[in-house]
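Architecture and fold: a report
One-letter residues, chain by chain:
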Amino acid sequence: MRYGILSDTHGRLHPAVAEVFTGVNEILHAGDVGSEAVLDELEGIAPVIAVCGNVEPPGLERRLPEVKTLEREGLRIVVLHGHLVRAARPRELLDAVRPRTPDLVVFGHTHRPLEETLEGVVFFNPGSAGPARFGSRPTVGTLEIGADGLRLRHHRLDRSGR
């Protein structure tokens, strides 16, 4: 199974996202969606699981959960934006998701791509898929879950996207 992972679209979906996410089974959006239109565009690619970020318009803020816990192919995945956790760093995020420790935590907020393992938990931030802010370049991620476990990858969108 293959999943698209993105965050911090801030109301605008980079045109290369559709190409990178071709063939994904599901999309995980780690908050700061910014508009219903972004969710609609993503739904045209694959079913979407999204959480609330810190800059959602009122309609989305009421509709999206702050944290979503999923079971996918035997893995426990927690999706959250990270703005409610000091600095949105893996150590603080790990403390926030206990006591049921997941296999993977997908988060956003920092606009910086990151993959780090801490105490057996993989933390993945796809970076920002929206307008460039804080010196960031647009990126998304993909997750593949197979017999050999999970494989994560970052994709820069300002080049070919793949």
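Before reading on, note that the structure itself is shown above.
Anyway, here's the lowdown on the structure attached to this text. (Residues numbered from 1 in each chain as written. Predicted model: local features only at pLDDT ≥ 70, side-chain atom pairs only at ≥ 80, totals over all residues. Heavy atoms only, no water.)

**Quick word on the overall build of the protein chain**
Rules: A run of H or I in DSSP becomes a helix once it reaches four residues, and a run of E becomes a strand once it reaches two; helices and strands are each numbered from the N terminus. With C-alpha atoms as the basis for the radius of gyration, the globule rule is written as 2.2 Å multiplied by the number of residues raised to the power 0.38. Between buried and exposed lies partly exposed: a residue is buried under 20% and exposed over 50% of the maximum accessible area for its type, with that area taken using a 1.4 Å probe on protein chains only. By the convention used here, residues are in contact when the closest approach between their heavy atoms is within 4.5 Å. Where accessible areas are quoted, they stem from the Shrake-Rupley method and a 1.4 Å probe; at the residue level, only the protein chains shown are allowed to cover.
Helices and strands together make up the secondary structure of the protein chain, namely 4 helices and 10 strands. In sequence order, the protein chain lays out its α and β elements as β-α-β-α-β-α-β-β-α-β-β-β-β-β. Against the globule reference of 15 Å for 162 residues, the protein chain gives a C-alpha radius of gyration of 14 Å, in line with a compact fold. Projecting the C-alpha coordinates of the protein chain onto the three principal axes gives extents of approximately 35 × 35 × 30 Å. A burial count over the protein chain gives 51% of its 162 residues as buried. Partitioning the contacts of the protein chain with sequence separation of at least 6, the portion at a separation of at least 24 is 48%. Per element, the accessible surface of the protein chain, about 7400 Å² overall, is 49% carbon and sulfur.

**A short note on the pairing of strand β4 (residues 67-72)**
Just so we agree on the cut-off: Paired strands, as defined in this entry, are two strands with at least two bridges between them according to DSSP.
Two elements, β4 and strand β5 (residues 75-80), share 6 bridges in a ladder whose sense is antiparallel. Note that in β5 the partner of lysine 68 across the bridge is valine 79. Linking β4 back to β5 in an antiparallel pair, the connection comprises 2 residues, with glutamate 73 at a positive phi of about 50°.

**Observations regarding unusual backbone geometry**
Positive phi, normally seen in glycine, also occurs at aspartate 8, with a value near 55°. By secondary structure assignment, the location of aspartate 8 is in the loop between β1 (2-6) and α1 (17-20). The phi angle at glutamate 119 is positive, at roughly 50°, despite the residue not being glycine. Note that glutamate 119 resides in the loop between β7 (114-118) and β8 (121-125).

**Points about the sheet that holds β5**
Convention followed: Helix axes are fitted to C-alpha atoms over the stretch in contact, other axes to C-alpha atoms as well, and angles between N-to-C directions run from 0 to 180 degrees.
The mixed open sheet is built from 5 strands, whose spatial order is β4-β5-β6-β8-β7. What marks the edges here is a single partner per strand, and that holds for β4 and β7. Across the sheet, the axes of successive neighbouring strands diverge by a mean angle of 20°, strand direction being ignored. With 3 bridges connecting them, β5 and strand β6 (residues 104-106) associate as parallel partners. Across the sheet, residue valine 78 finds its bridge partner in β6, namely valine 105. Its contacts with the sheet put helix α4 (residues 90-97) on β5, β6, β7 and β8, and the angle it makes with β7 is roughly 60°.

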